[in-house]
Amino acid sequence: MRQAPAAFQRGHDHDQCVHDALNAAIVHCRQEGTRLTPLRRKVLQAVWRSHVPLGAYEICDALVAHGERVLPPTIYRALEFLENNGLVHRMASRNAFIGCNQPGAHHHGRYLICSACGLVAELPAGDNMDRFIAEAHALNFEARSVRVEAVGLCAACAAGGDSGP
Ligand SMILES: [Zn+2]
Ligand SMILES: [Zn+2]
Ligand SMILES: [Zn+2]
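None of the values given here were measured: they were computed from a predicted structure.

Caption draft 1: Fine view of the overall build of the protein chain. Secondary structure summary: the protein chain contains six helices and five strands in total. Listing each helix as α and each strand as β along the protein chain from the N terminus yields α-α-α-α-β-β-β-β-α-β-α. Relative to the globule expectation of 15 Å for 165 residues, the C-alpha radius of gyration of the protein chain, 17 Å, shows essentially globular dimensions. For the protein chain, the C-alpha atoms occupy an extent of roughly 50 × 45 × 25 Å along the three principal directions. Expressed as a percentage of the 165 residues in the protein chain, the buried residues total 25%.

Caption draft 2: Region of the structure containing the domain arrangement of the protein chain. The domains assigned to the protein chain are domain 1 (11–105) and domain 2 (107–159). Computed from C-alpha atoms alone, the centre-to-centre distance between domain 1 and domain 2 is 20 Å. Counting from both sides, the interface comprises eleven residues of domain 1 and, opposite them, eleven residues of domain 2. Its residues assigned to classes, the side of domain 1 that touches domain 2 shows seven nonpolar, four polar and no charged.

Caption draft 3: Main features of the pairing of strand 5 (residues 148–152). Within strand 5, only zero of the five residues are buried, leaving the element largely exposed. In this sheet, strand 5 lies alongside strand 3 (residues 110–114) in parallel orientation, the contact comprising five bridges. By the bridge assignment, Cys114 is partnered in strand 5 with Gly152.

Caption draft 4: Local environment of the sheet that holds strand 3. The strand order 4-3-5 describes an open sheet built from three strands, whose pairing is mixed. The open sheet is flanked by strand 4 (120–123) and strand 5, the only strands paired with a single partner. Taken pair by pair, the neighbouring strands of this sheet meet at an average axis angle of 20°, ignoring direction. For strand 3 and strand 4, the ladder comprises four bridges, and the chain directions are antiparallel. Residue pairing in the sheet places Ile113 in a bridge with Val120 of strand 4.

Caption draft 5: Spatial organisation of the packing of helix 3 (residues 56–65) against helix 4 (residues 72–84). One can describe the packing of helix 3 onto helix 4 by two numbers: an axis separation of 10 Å at closest approach and a directional angle of 115°. Where helix 3 crosses over helix 4, the two elements pack in a sense that is right-handed. Between helix 3, through Ala56, Ile59, Cys60 and Leu63, and helix 4, the contact on the second element is made entirely by Pro72, Ile75, Tyr76 and Leu79.

Caption draft 6: Up close: the nonpolar core. Counting 35 residues, the largest nonpolar core has Val43, Leu44, Val47, Ile59, Leu79, Leu82 and Val88 as the members making the most contacts within it. Secondary-structure elements contributing two or more residues to this core are helix 1 (14–32), helix 2 (38–47), helix 3, helix 4, strand 1 (88–91), strand 2 (96–99) and strand 3. With five residues, the single largest contributor to this core is helix 4. Lining this core are residues from two domains, each supplying at least three of them: domain 1 (11–105) and domain 2 (107–159). Ignoring sequence-local partners within four residues, the contact set of Val43 consists of Ile59, Leu63, Ile75, Ala78, Leu79 and Leu82.

Caption draft 7: Structural detail: the packing of helix 2 against helix 3. Close contact between helix 2 and helix 3 brings their axes to 10 Å; oriented N to C, the two are set at 115°. The angle between helix 2 and helix 3 places the two elements in the roughly perpendicular class. The handedness of the crossing between helix 2 and helix 3 is right-handed. Of the residues in helix 3, those touching helix 2 at Lys42, Val43, Ala46 and Val47 are Ile59, Ala62 and Leu63. Here the contact of helix 2 with helix 3 is built from residues that sort into six nonpolar, no polar and one charged.

What counts and what doesn't
- Residues numbered from 1 in each chain as written.
- Chains lettered and ligands numbered in written order.
- Predicted model: local features only at pLDDT ≥ 70, side-chain atom pairs only at ≥ 80, totals over all residues.
- Helix = DSSP H or I, 4+ residues; strand = E, 2+ residues; numbered from the N terminus.
- Rg over C-alpha atoms; globule rule 2.2 N^0.38 Å.
- Buried ≥ 20, exposed ≤ 12 C-beta atoms within 10 Å, placed from the backbone.
- Domains from an automatic or database assignment.
- Contact = placed C-beta atoms within 7 Å.
- Nonpolar A, V, L, I, M, F, W, Y, C, P; charged D, E, K, R; others polar.
- Pairing = 2+ DSSP bridges.
- Axes fitted to C-alpha atoms, helices over the stretch in contact; angles between N-to-C directions.
- Left-handed = near helix turned anticlockwise from the far one by under 90°.
- Core = buried A, V, L, I, M, F, W, Y, C linked by C-beta atoms within 7 Å.
- Parallel < 35°, antiparallel > 145°, perpendicular 65-115°, else oblique.

This is the structure:
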């Protein structure tokens, strides 16, 4: 059995996750010729507060709590930029956002969602997704967005341990 994703490891070095994600975002934006403005960066940091998806309202609250004087539409536009650039993903099932640590990588969303603690881990695309897309293509369907969400229990919750994120 492989190691559980960092998202599900209690007490992992989350500062490292945030650090890596911000670096990946900076590199990605440079490659794409887009700008990670200070506000976009703050919104991205807010999303990366934890591995639990955050709704747009919660993101606004987090920024306001940090003393940001920005109106929600500005934050929504920043979120839209981050989503369109693959820096965050919107989890359709819960209308909330999760940070992506591999922006620009060829991957379609595969998520493990713990229904007890709410933590979400994104997995890289696998062969099965490519086969699925090929099958859709064979049926003359142009699949642009493919997501698979597995809802269940992370190892810590299954073991009945600390259920806090
Ligand atoms: Zn982390
Ligand atoms: Zn991703
Ligand atoms: Zn859990």
